[in-house]
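Take a look at the letters that make up each chain.
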Amino acid sequence: MAISFMKPKKTIKQNKRIVLIRSNPVSPYPRLEKTANSLAKNGYEVEIIGWDRDNNYKEKITQLNFPDSKVTITRFGILGTYGGGIKKNTKALLKFQKRVFTWLIKNRRSYDVIHAYDFDTGYVSLLAAKLLNKKLVYDIPDYYVDSHNLKETQIGNYIKKFEHSVINKAEAVIICTEKRKKQIAGTSPNKLIVVHNSPVNIKNTSKKIKLLNEENNKVKIVYVGILAEGRFIKELAEIVINRKDCELHIAGFGKFEEYFIMLSKEYTDIYYYGKISYAETLDLEKQCDILTAIYDPSIPNHFYAAPNKFYESLMLGKPLIMVKDTGMDHIILENKIGVVINYTKDSLNDGISSLIEKKNQWPNISGKSKKIYEKEFSWEIMENRILKLYKDL
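Here goes a summary of the coordinates provided. Here the structure is a predicted model, which is why all the values come from computation and not from measurement. (Residues numbered from 1 in each chain as written. Predicted model: local features only at pLDDT ≥ 70, side-chain atom pairs only at ≥ 80, totals over all residues. Heavy atoms only, no water.)

## Here's the deal with helix 10 (residues 308-316)
With eight of nine residues buried, helix 10 lies mostly within the body of the structure. When we look at burial in helix 10, the residues that qualify are Lys309, Phe310, Tyr311, Glu312, Ser313, Leu314, Met315 and Leu316. Looking at the packing, one finds that the buried side of helix 10 touches strand 9 (219-226), helix 8 (278-287), strand 12 (290-293), strand 13 (320-323), helix 11 (329-335) and helix 13 (362-377). Positive phi appears at glycine 317, one or two residues downstream of helix 10, with a value of about 75°. (Buried < 20%, exposed > 50% of the residue type's maximum accessible area, 1.4 Å probe, protein only. Helix = DSSP H or I, 4+ residues; strand = E, 2+ residues; numbered from the N terminus. Contact = heavy atoms within 4.5 Å.)

If you want it as structure tokens, here you go:
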């Protein structure tokens, strides 16, 4: 009797296929990109969904090249405004959520876990997860009612109720600082972990971006991020223009792009780099002297902020300017690794002067900052937390 040997079917381990969803184009979005790379290089099948607010199209499927992996991303092109808030983006957001839900239904056999970022994607992901019997990991970079200034409003109360239901029903919840446990008070997450916005340590020293006017001896202040209100970047530019001892190197995208293009053409101390990758961001910051993470303290969410710039300044060993009562200001003060200012132009100007006067202390600041990063905030520590979470799902 002839014996036939059948090739065994390939089996995929449970919870090893993950889709990460964010309401921005992920170009870049460091928090998601680092998580995706960490999961992919450790054997998980990862794909990403993002929202392109600059263009109008049904969907585009491309690949993102990370340091240790390549991951497929599907972007939905729906015109919207960065930093425009709920009022300007409601219709566009609802369209995006509808497309996300449709994608999750249509592709239900390609993933086991939905990893959703913020309420923009959290509630629609919860609906799909419960309908399809999938697991949900809810990642909260920004608690919605606080980040959108909706506290004590009718719509804010509704959103808070729905977001709390996402937090309570998800298999796991991720927040970005220990401080944020107070922000989600009244919820009962099944599992809660803290993953800080720590950058991946730079190992490759080759330059990824050329510093404009490299030979200038002026102190170089750098800002990379969303170019919109609430970051004090227009005020920072005005201060630099009126000083003679420093210059501003700025990159990013958003509402103020044209403003900074114009400014860079008009003034010799303003350098604009356009939209750059995260690797280029770190390289630009590495070549500059002072980083800024300046947020309006009147916005409740900023009290709990975990600015990328804070962690980047630690890893790179650069002094940082922050505003009192925002984010991680207590670490700056306690360790004397930068300056904490009031949210005014005069105070920012004084802060810049104070750091320049302490230029001889910058090597000491650099050493202390890097030690804090390695001991408390390194990406290796954060990556291990993420991998343990997924292993325990």
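## Side note on the pairing of strand 4 (residues 70-77)
Taken across its eight residues, strand 4 has six buried, putting it largely inside the fold. The sheet contact formed by strand 2 (residues 45-52) and strand 4 spans six bridges and is parallel. Its bridge partner being in strand 4, glycine 50 is matched across the sheet by arginine 75. Across seven bridges, the pairing between strand 3 (residues 57-65) and strand 4 is antiparallel. Bridge pairing in strand 4 places lysine 60 opposite arginine 75. In this antiparallel pair of consecutive strands, strand 3 and strand 4, the connection spans four residues. (Pairing = 2+ DSSP bridges.)

## Thoughts on the pattern of salt bridges
Here the structure, examined in full by the defined rule, presents 15 salt bridges. The partner of aspartate 112 in a salt bridge is arginine 17, and the shortest N-O contact between them spans 2.9 Å. Placement of the pair is aspartate 112 in the loop between helix 2 (85-106) and strand 5 (113-117) and arginine 17 in strand 1 (residues 17-21), with a sequence separation of 95 residues. You'll find aspartate 112 and arginine 17 in the same group, each marked buried. In this structure, the salt-bridge partner of lysine 388 is aspartate 392, at a minimum N-O distance of 2.7 Å. (Salt bridge = Lys/Arg side-chain N within 4 Å of Asp/Glu carboxyl O.)

## A word on the sheet that holds strand 14 (residues 338-341)
The strand order across the open sheet built from six strands is 11-10-9-12-13-14, with neighbouring strands paired in parallel fashion. Edge positions in the sheet fall to strand 11 (270-272) and strand 14, since each has one partner strand and no second. Averaged over all adjacent pairs, the angle separating strand axes in this sheet is 25°, with direction ignored. Of the strand pairs in this sheet, strand 10 (residues 246-253) and strand 11 are connected by three bridges, and their pairing is parallel. (Axes fitted to C-alpha atoms, helices over the stretch in contact; angles between N-to-C directions.)

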